[in-house]
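# Examination of the molecular architecture
The lines below spell out each chain.
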Amino acid sequence: MNLLRFAFDNLTRRPARTTLTLSAIALGIAAIVALTAIAWGFEASWQKANDARGTDLIVTKLASENTMPSPFVAEKVRPDLLKLPHVQEVVGLLSEMLTVSYDAPPMFVFGWQFDSYLWDHLQLIDGRWPQSPDDAVIVIGTLAAELLQKKTGDTIEIEGVALPVAGIFQSSALVENGALILPLLQVQQLTDKPGKVNVLNLQLDASATTTDVAHIKAQVRATLPGFVAITSGELVSQNAVVRISKAMSNATILIASLVGALVVFNTMLMSISERTREIGVLLALGWHPRTVIKLIISESAMLTLAGGIIGILLGILLTIGLEHIELMRGKIDGLFSPPFLLAVLGLSIILGILGGLYPAIKAARTHPSQALRQE
Amino acid sequence: MKPLSPICSVTTSTPVLSSRNLTLHFDQGRTKALNGVDIEIIEGEFVAVTGPSGCGKSSLLNLIGTLDQASSGELFFRQQPYSSMTDLSEFRREQVGFVFQSFHLIPTLTTLGNVLLPTVGRAGDHNATARATALLQQMGLESRLDHFPSQLSGGERQRVAIARALINDPTIILADEPTGSLDSENASHVLDVIANMRLRKSLTVVMVTHDPNVAARADREICMRDGKIVTDNGVNL
Ligand SMILES: Nc1ncnc2c1ncn2[C@@H]1O[C@H](COP(=O)(O)OP(=O)(O)OP(=O)(O)O)[C@@H](O)[C@H]1O
Ligand SMILES: [Mg+2]
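Treat the numbers as computed from the prediction; the structure is a model and nothing was measured. (Residues numbered from 1 in each chain as written. Chains lettered and ligands numbered in written order. Predicted model: local features only at pLDDT ≥ 70, side-chain atom pairs only at ≥ 80, totals over all residues. Heavy atoms only, no water.)

The next subject is the overall build of chain B. Looking only at helices and strands, chain B has 7 helices and 11 strands in total. Here the C-alpha radius of gyration of chain B, 17 Å, is about what a compact globule of 237 residues would show, namely 18 Å. With the C-alpha coordinates of chain B rotated into their principal frame, the extents come out at 45 × 40 × 35 Å. Counting every position in chain B, which comprises 237 residues, the buried fraction comes to 56%. Within chain B, counting contacts between residues at least 6 apart in sequence, those at least 24 apart form 72% of the total. Accessible area of chain B: about 10,100 Å², with a carbon and sulfur share of 47%. (Helix = DSSP H or I, 4+ residues; strand = E, 2+ residues; numbered from the N terminus. Rg over C-alpha atoms; globule rule 2.2 N^0.38 Å. Buried < 20%, exposed > 50% of the residue type's maximum accessible area, 1.4 Å probe, protein only. Contact = heavy atoms within 4.5 Å. Areas by Shrake-Rupley, 256 points an atom, 1.4 Å probe, with all protein chains shown as cover.)

The structure is reproduced here in structure tokens:
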């Protein structure tokens, strides 16, 4: 006589109710999985882009609450930064999110300082790189090429100016693959922000230690009021979009968990009240109240675990689906780490235990003779 | 199965069960289900409890089986007061076997699963399935092991319930109208099984019944009225 088998049979005797509860749990878990994978993936993808560029520290305006850090005039701070110990290169970068085609979603347009290390990690697939800071051409990532249906030699209109596509590149970071890149000077002119950048990327020499990095950060804070030097990880985690998407994923975890636990609670309460007489029989046969608790908790945990497994699969499908819709392409890159998925499974079981706890205790307190009198 | 003579089975005279001035009240004392019951049952006895509806027969059985708690008075199991028992579920599991009028089998479990129910959570019980199979064989149910209750006749269901009551080798069988839902042929078969098992396992049986013919199968008949015992084996108290 196997308690888990008995619990399983008790669930299958009410297939409609079990399926409904299972679906509710699965949907909640799917929402948790999809939103969290997107939020974390978003962060990881930006992080990857910064790491691939070889940037050690980023200098930006202190109060960057927008999706992009606010632009500032690069030459006001660049000379000071170059004087700091271990700083080898200080490179300007201007990022914009612009609509470049009516039938494609808004896209990232990056202006990168010509002749800087930023370009080094990109791999040219077709065409050529810009030849000088004044070369008014665009290179586009493979995903951008696909989304815009452009190839080398075509033109793309940015802020009313038609520019030729000089080449197509590939990057290890999804955000860059979906982006358009021009020499910094060109983006400054197109967007009417002469001399401005929204971040300065610092590359340090190989001898720089973490203490040196901390020292540089402190120096920037002390000598350049209104600016901060932060690592790319810090920049990404402070980014408004990353913060909003993380907050949304946290809120989803909370709400979906609460709803899940309530759904299980309700189902198990219904189930035990239907089975009062049976529970009375179990107690009359000498079942310890603890065993009754184990039975009911096994039922609810089994229900939520199954819902969790289905929900994870559904969540992964949902994320993959979202990654492929036009509006989202190149902007989300779902991150499904095994520890995260295990944590979600753990969460499902915890929901079952929490939701089943009160019904289980209630069942264990059934008064056997009164339960047996029930019709 | 040939009914065996019941008288010869009383081997010892120690009371396995006794009670002193037992009462059970409901609705803040307005209903007196039991109103001062003194009883002594000898190990191995087969006792029939009779009396009109509502006289307290089931109440007495429930108190003996610890499904209810007495309002006052005391019950003893082998001289040990019930009030000193620390684990009532263990007492029910190890010493008592219940048989009910409406069988109370679990519909999702097979014959074997139902019989094994009282062994759940019993530490170190490794041969439960073998015991259950043997018991069911003795009751002529060897071909019904994997049937669900809905696939069994009334008589078969009650025999499954009896096997379930016997699985942990209890001391006492408490049967509340075990033949109440059966036709006379099935009833007599079930009674044969009870009488037979009782002798094999030297069980004490307390059986509630309306039917004088059924009561006649017992060694002793206790008749109740208004929560009290009025006659014991024909003797007025
Ligand atoms: N839980 C309860 N709440 C209120 N009254 C109860 C309860 N249980 C039993 N009674 C009352 O106690 C009295 C004795 O009930 P009991 O079930 O013991 O009778 P019985 O002799 O078994 O009757 P029957 O032959 O009809 O089964 C009845 O009047 C019944 O209504
Ligand atoms: Mg009764």
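Let's pick the thread back up.
This part takes up the overall build of chain A. Each helix and strand in chain A was counted, giving 13 helices and 12 strands. Compactness check: chain A gives a C-alpha radius of gyration of 29 Å against a globular reference of 21 Å for 375 residues, more than 25% above the reference. Reported as C-alpha extents along the three principal axes, the dimensions of chain A are approximately 90 × 45 × 30 Å. Burial status across chain A gives 51% buried among its 375 residues. Taking as baseline every contact in chain A between residues at least 6 positions apart, the subset at least 24 positions apart corresponds to 79%. Once the 28 positive and 31 negative side-chain charges of chain A are each reduced to a mean point, those two points are 16 Å apart. (Lys, Arg positive; Asp, Glu negative; His and termini not counted. Charge placed at Lys NZ, Arg CZ, Asp CG, Glu CD.)

So, on to the environment of A:I310. Residue and element names in this part refer to chain A. With respect to the element layout, I310 can be found in helix α11 (residues 289-324). A relative accessible area of 38% places I310 in the partly exposed class. Expressed as a C-alpha distance, the spacing of I310 and L27, which sit 283 residues apart in the sequence, is 8.6 Å. With near-sequence residues (within four places) excluded, I310 lies in contact with L22 and A26.

Turning next to the sheet that holds strand β6 (residues 96-100) of chain B. All names here are of chain B. Taken together, the 7 strands give an open sheet; going across it, the order is β6-β7-β8-β3-β9-β10-β11, and neighbouring strands pair in mixed fashion. Each of the sheet's edge strands pairs with one partner strand only, and the pair in question is β6 and β11 (235-236). In this sheet, strand β9 (residues 220-225) lies alongside strand β3 (residues 46-50) in parallel orientation, the contact comprising 4 bridges. Counterpart to A48 in the pairing with β9 is E221. Here helix α1 (residues 57-64) sits on the sheet and contacts β3, β6, β7 (172-176), β8 (204-208) and β9; the angle it forms with β7, its principal contact strand, is near 150°. Each of β6 and β7 touches helix α2 (residues 88-95); the most contacted strand, β6, lies at about 75° to it. (Pairing = 2+ DSSP bridges. Axes fitted to C-alpha atoms, helices over the stretch in contact; angles between N-to-C directions.)

The next thing to look at is the site of ligand 1. Around ligand 1, 13 residues are found, and the nearest of them are A:R373, B:S53, B:K57, B:S58 and B:S59. Residues lining ligand 1 come from chains A and B. In the model, an oxygen atom of ligand 1 is placed 2.5 Å from a nitrogen or oxygen of the B:S53 side chain. Note that an oxygen atom of ligand 1 is positioned 3.0 Å from one of the backbone N or O atoms of B:G56. In the complex, the protein chains occlude 72% of the 630 Å² of accessible area that ligand 1 would expose alone. Here ligand 1 occupies the largest pocket. Elements supplying a minimum of two residues to the shell around ligand 1: β2 (31-42) and α1 of chain B. Take the shell around ligand 1: its biggest share by element is 3 residues, from α1(B). (Near = heavy atom within 4 Å. Polar contact = N/O pair within 3.5 Å; in protein donor to acceptor, adjacent residues only side chain to side chain. 1 Å grid on protein atoms, 1.4 Å probe; cavity = no way out; pocket = protein on both sides within 12 Å on 5 of 7 lines; lining within 4 Å. Sits in = over half its atoms within 2 Å of the grid points.)

With that settled, consider a nonpolar patch on the surface. Residues A:L254, A:I255 and A:V259 make up a contiguous nonpolar surface patch of roughly 310 Å² in combined accessible area. Considering the arrangement of structural elements, one finds A:V259 in helix α9 (residues 240-274). (Patch = residues over 30% accessible without salt bridge, like charges linked within 9 Å, V, L, I, M, F, W, Y side chains within 5 Å. Salt bridge = Lys/Arg side-chain N within 4 Å of Asp/Glu carboxyl O.)

Moving on: the confidence of the model for chain B. A low pLDDT means the predicted coordinates there should not be read in detail. Residue and element names in this part refer to chain B. Averaged over every residue, the pLDDT of chain B is 92; the share at 70 or more is 95%. Low pLDDT (under 50) marks residues 1-11, which in the prediction has 19 contacts with non-local residues, meaning those over four places away or in another chain. Among the prediction metrics, the complex's ipTM stands at 0.92, with pTM recorded as 0.82. (pLDDT = per-residue confidence, 0-100.)

Empty space within the largest pocket amounts to approximately 860 Å³. Lining the largest pocket are 34 residues, and of these A:R373, B:S58, B:S59, B:N62 and B:D176 lie nearest its centre. Only α13 (368-373) of chain A together with β1 (15-26), β2, α1 and β6 of chain B provide two or more residues apiece to the lining of the largest pocket. In terms of residue count, the dominant contributor to the lining of the largest pocket is α1(B) (5 residues). (Points joined across faces, edges and corners; volume = space filled by probe spheres on them.)

The next point concerns the domain arrangement of chain A. All names here are of chain A. Along its sequence, chain A is carved into domain 1 (3-45 + 241-373) and domain 2 (57-230). Carbon and sulfur atoms make up 60% of the area that domain 1 and domain 2 hide from each other, which totals about 990 Å². The interface formed by domain 1 and domain 2 holds 0 salt bridges in total. Applying the counting criterion to the domain 1 and domain 2 interface returns 0 residue pairs in polar contact (both at pLDDT 80 or more). Of the residues in the side of domain 1 that touches domain 2, the class split is 3 nonpolar, 2 polar and 5 charged. (Domains from an automatic or database assignment. Buried area = accessible area lost by both parts, 1.4 Å probe. Nonpolar A, V, L, I, M, F, W, Y, C, P; charged D, E, K, R; others polar.)

With that out of the way, let us pick up the interface of chain A and chain B. Each side of the interface is counted separately: chain A has 22 residues, and chain B has 21 residues. Regarding the contact of chain A and chain B, the summed buried area is about 2,000 Å², with carbon and sulfur atoms giving 67% of it. Inspection of the region where chain A meets chain B yields 5 residue pairs in polar contact (both at pLDDT 80 or more). For the side of chain A that touches chain B, the secondary-structure elements that each account for two or more residues are α1 (3-12), α10 (276-284), α11 and α13 of chain A. The dominant element in the side of chain A that touches chain B, judged by the number of residues it contributes, is α10(A), at 6 residues. Grouping the amino acids of the side of chain A that touches chain B by side-chain chemistry returns 12 nonpolar, 6 polar and 4 charged.

The next subject is the pairing of strand β12 (residues 227-230) of chain A. All names here are of chain A. Both faces of β12 are covered, namely the face carrying F227 and A229 and the face carrying V228 and I230. Of the strand pairs in this sheet, strand β1 (residues 57-61) and β12 are connected by 4 bridges, and their pairing is antiparallel. Following the sheet pairing, K61 is matched in β12 by F227.

The subject of this paragraph is the sheet that holds β2(B). Residues and elements named next belong to chain B. Across the sheet, which stays open at both edges, the 4 strands sit in the order β2-β1-β4-β5 with antiparallel pairing between neighbours. For this open sheet the edge positions go to β2 and β5 (80-81), each flanked by a neighbour on one side alone. Of the pairings in the sheet, the one linking strand β4 (residues 72-77) to β5 comprises 2 bridges and is antiparallel in character. Residue pairing across strands places F76 opposite P81, the latter belonging to β5.

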